[in-house]
Amino acid sequence: MCIRDSLYAMKNIVFDLGGVLFARDKSKCSPEIVEFFGFLRAPQMPRFWEEYDRGASSIGEVTDTLCTLTGRPRAVCERVLREAIDLQEPVAPTERLVGELKRAGYRLYVLSNMSREFIDFLRRFPVYGLFDGEVVSCEEGTVKPEPRIYEILLGRYGLDPAETLFIDDGQKNVDAAQALGFSVYMPAYGEDFGHILEN
């Protein structure tokens, strides 16, 4: 698919958050954090983290699991998990792209697998206020790539998938969206994909 050609037919742009619009700057992360959260880079998200994103488990339960997985004291796991939240920041090129798309008249939406503590933190950033709507897994009880979460987005905001571009860095997530009729784009890790606006 030529993303630039496709964009002209789009009215709605849907963004994933983690790894696309927000991320931890690796230069600010301690080796401890990198080690703790290595599982997030696995092809299949661990079940305990998926359930956290679904809103089915608490941060306390996740902390218990991290203690078991790492063998570290609870206080250490609590601190590292808090740091992992606090180190989240907008990815600058994507942040600029969101602003440019908003000024160009596109309607912008969030569709994200995200736990309560993480989404509460991310909503504080000004870029989040540019979105016209959101569907977040912990508030819906369903996660990508389950079809239900995409259907909630389409129904809640009256979106036509044929007029909607979905941007996500997970292959299973974009495959699920494409199966429902969305146009999709999967940026590579760290990619500045502002070129989608180029003429």
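The structure presented is a predicted model; accordingly, all values stated were derived computationally and were not measured. (Residues numbered from 1 in each chain as written. Predicted model: local features only at pLDDT ≥ 70, side-chain atom pairs only at ≥ 80, totals over all residues. Heavy atoms only, no water.)

Visitor: Teacher, can you tell me more about the packing of aromatic side chains here?
Guide: How two aromatic rings sit relative to each other is given by the distance of their centres and the angle of their planes. For the coordinates displayed, the defined rule picks out 12 aromatic pairs. Between tryptophan 49 and phenylalanine 118, the ring centres sit 6.1 Å apart and the planes meet at 75°, which makes this aromatic pair edge-to-face. With a gap of 69 residues between them, tryptophan 49 in helix α3 (residues 47-54) and phenylalanine 118 in helix α7 (residues 116-122) connect regions that are remote in the sequence. Residue classification places tryptophan 49 among the buried residues on the basis of a relative accessible area of 5%. With a relative accessible area of 6%, phenylalanine 118 lands in the buried category. Plain terms: the ring middles of phenylalanine 121 and phenylalanine 125 are 5.6 Å apart, the flat faces sit at 80° to each other, and that makes the pair edge-to-face. Given a relative accessible area of 12%, phenylalanine 121 falls into the buried group. Through pairs of rings, three or more aromatic residues link up here, namely Phe48, Trp49, Tyr52 and Phe118. (Phe/Tyr/Trp six-rings, centres within 6.5 Å; stacked < 30°, edge-to-face > 60°. Helix = DSSP H or I, 4+ residues; strand = E, 2+ residues; numbered from the N terminus. Buried < 20%, exposed > 50% of the residue type's maximum accessible area, 1.4 Å probe, protein only.)

Visitor: Can you help me understand helix α5 (residues 74-86) in this one?
Guide: Because an α-helix packs 3.6 residues into every turn, residues spaced three or four apart end up facing the same way. Taking 1.5 Å per residue, 13 residues should reach 18 Å; α5 reaches 18 Å between its end C-alpha atoms and fits that length. Within α5 the residues assigned to the buried category are Cys77, Val80, Leu81, Ala84 and Ile85. End-on, the buried residues of α5 take up no more than an arc of 140°, which puts them together on one face. Looking at the buried positions of α5, the neighbouring elements they touch are β2 (22-24), α2 (31-36), α3, α4 (59-70), β3 (88-90) and α7. (Expected span 1.5 Å × (residues − 1). Arc of directions from axis to C-beta. Contact = heavy atoms within 4.5 Å.)

Visitor: I keep staring at the environment of threonine 94 and nothing clicks. Help me out?
Guide: For threonine 94, the location among the structural elements is in helix α6 (residues 92-103). Residues threonine 94 and phenylalanine 15, 79 residues apart in the sequence, show an inter-C-alpha distance of 9.7 Å. The residues touching threonine 94, leaving out its near neighbours within four places in the chain, are Phe15, Val20, Leu21 and Phe193.

Visitor: Can you walk me through the pairing of strand β5 (residues 133-136) in this structure?
Guide: A regular strand carries its side chains on alternate faces of the sheet. Where strand β4 (residues 107-112) meets β5, 4 bridges bridge the pair, whose relative direction is parallel. When the bridges of β5 are listed, serine 112 appears paired with valine 136. (Pairing = 2+ DSSP bridges.)

Visitor: Sorry if this is basic, but what is going on with the packing of α3 against α4 here?
Guide: Angle between the axes and distance between the axes: these two values describe a pair of packed helices. Following both chains from N to C, one finds α3 and α4 inclined at 165°, their axes separated by 10 Å at the closest point. Relative to α4, α3 is oriented roughly antiparallel. Classified by chirality, the crossing of α4 by α3 is left-handed. Counted together, Phe48, Trp49 and Tyr52 of α3 and Ile59, Val62, Thr65, Leu66 and Leu69 of α4 form the full contact between these two elements. (Axes fitted to C-alpha atoms, helices over the stretch in contact; angles between N-to-C directions. Parallel < 35°, antiparallel > 145°, perpendicular 65-115°, else oblique. Left-handed = near helix turned anticlockwise from the far one by under 90°.)

Visitor: Sorry if this is basic, but what is going on with the pattern of salt bridges here?
Guide: If the charged atoms of two oppositely charged side chains come close together, the side chains can form a pair. Per the counting criterion, the structure on display carries 19 salt bridges. Between aspartate 132 and lysine 102 there is a salt bridge; the shortest N-O distance is 2.9 Å. One end of the pair, aspartate 132, is in the loop between α7 and β5; the other, lysine 102, is in helix α6, with 30 residues separating them in the sequence. Classification of aspartate 132 by relative accessible area gives partly exposed; the value is 27%. For lysine 102, a relative accessible area of 29% corresponds to the partly exposed category. Three or more residues joined by partner-sharing salt bridges are found here, namely Arg47, Glu50, Glu51, Arg54 and Glu146. (Salt bridge = Lys/Arg side-chain N within 4 Å of Asp/Glu carboxyl O.)

Purely geometric stuff here, so don't read any function into it on its own.
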